[in-house]
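As a plain string of letters, each chain reads:
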Amino acid sequence: MSHAGTRTPDEELSQFRVRGEIPVPVLINWLTAAAIPLLTFFAWRAVRQDSAALVPTFLTISAVLLGVNALLYFVLGNQTLQRRGFIVLIIALFTFLAIRAVEDGSAIIWLFAYPPIIFYISQARVGVIACVGGIAGLILLFSPSAMRCSIPPTAPVFEYP
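Residues numbered from 1 in each chain as written. Predicted model: local features only at pLDDT ≥ 70, side-chain atom pairs only at ≥ 80, totals over all residues. Heavy atoms only, no water.

(A) Fine view of the overall build of the protein chain. Broken down by element type, the protein chain carries seven helices and zero strands. Taking all 161 residues of the protein chain together, 30% fall into the buried category. (Helix = DSSP H or I, 4+ residues; strand = E, 2+ residues; numbered from the N terminus. Buried < 20%, exposed > 50% of the residue type's maximum accessible area, 1.4 Å probe, protein only.)

Here it is as structure tokens:
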């Protein structure tokens with residue numbers, strides 16, 4: 001017996017949701033609502049610890065841009081704009097956190113949250129491209145040549161001789 005039926009395009013398959021799952025716009029709104037106070041707290045803490053001005057500035061700007069993204073969604077109701085804006089913002093934020101490590105020794109740990117978020121809120125193709133790009137970026141970031149050219153994002157223990 002052969003299956004005679006229509007074939008569903010990949011971009012539609014990646015958007016199927018299991019009954020009971022959280023809709024993507026709701027998840028993005030919840031993540032945004034959780035991220036804004038956390039980013040603000042870590043920015044305030046960085047100021048109190050006399051960190052470089054870049055850390056609190058970037059964290060504050062990230063919190064503000066996440067808020068703007070949420071407001072644009074509430075005003076315009078455009079799910080695609082909300083999803084793409086969120087993806088761009090978390091790519092920038094996670095890259096910054098991986099390089100600067102707001103807390104000692106936590107740099108690379110921030111990237112563990114990246115693939116599940118990207119795959120859940122975007123199409124499979126976008127998730128694969130973003131994760132392959134992230135892995136390539138990590139390889140370049142932690143390569144010996146990058147360690148010699150810039151300030152390493154890791155503790156001196158992990159540096160190459």
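Now, onward.
(B) Region of interest: the side chain of serine 122. Topologically, serine 122 is positioned in the loop between α5 (114-121) and α6 (124-141). Serine 122 gets classed as buried once you look at its relative accessible area, which sits at 2%. In terms of polar contacts, serine 122 uses its side chain to reach the backbone carbonyl oxygen of isoleucine 118, at 2.5 Å. (Polar contact = N/O pair within 3.5 Å; in protein donor to acceptor, adjacent residues only side chain to side chain.)

(C) Representation of the packing of aromatic side chains in the model. Within the structure shown, the criterion is met by four aromatic pairs. Residues phenylalanine 41 and phenylalanine 42 carry aromatic rings whose centres are separated by 5.4 Å and whose planes lie at 65 degrees to one another, so their mutual orientation is edge-to-face. On the basis of relative accessible area, phenylalanine 41 is assigned to the partly exposed category, the value being 39%. Taken together, the ring pairs in this structure connect Phe41, Phe42 and Trp44 into an aromatic cluster. (Phe/Tyr/Trp six-rings, centres within 6.5 Å; stacked < 30°, edge-to-face > 60°.)

(D) Layout of the environment of phenylalanine 41. Structurally, phenylalanine 41 is set in helix α2 (residues 24-48). When the C-alpha atoms of phenylalanine 41 and leucine 59 are compared, they prove to be 9.2 Å apart, with 18 residues separating the residues in sequence.

(E) Inspection of the packing of helix α4 (residues 79-100) against α5 at higher detail. At a minimum axis separation of 11 Å, α4 and α5 run at an interaxial angle of 170 degrees. Accordingly, the angle class assigned to the pair α4 and α5 is roughly antiparallel. Contacts from Arg83, Phe86, Ile87, Ile90, Ile91 and Phe94 of α4 reach α5 at Tyr114, Ile117, Ile118 and Ile121. Across the contact of α4 with α5, the residue classes tally to nine nonpolar, no polar and one charged. (Axes fitted to C-alpha atoms, helices over the stretch in contact; angles between N-to-C directions. Parallel < 35°, antiparallel > 145°, perpendicular 65-115°, else oblique. Contact = heavy atoms within 4.5 Å. Nonpolar A, V, L, I, M, F, W, Y, C, P; charged D, E, K, R; others polar.)

(F) Seen up close, the packing of helix α3 (residues 54-76) against α4. One way to put it is that α3 packs onto α4 with a least axis distance of 9 Å and a crossing angle of 170 degrees. As far as their axial angle goes, α4 and α3 are roughly antiparallel. Contacts between α3 and α4 involve Leu54, Val55, Phe58, Leu59, Ser62, Leu65, Leu66, Asn69, Tyr73 and Leu76 on the former and, on the latter, Gln79, Leu81, Gln82, Gly85, Phe86, Leu89, Ala92, Leu93, Phe96, Leu97 and Arg100. Partitioning the contact of α3 with α4 into residue classes produces 15 nonpolar, five polar and one charged.

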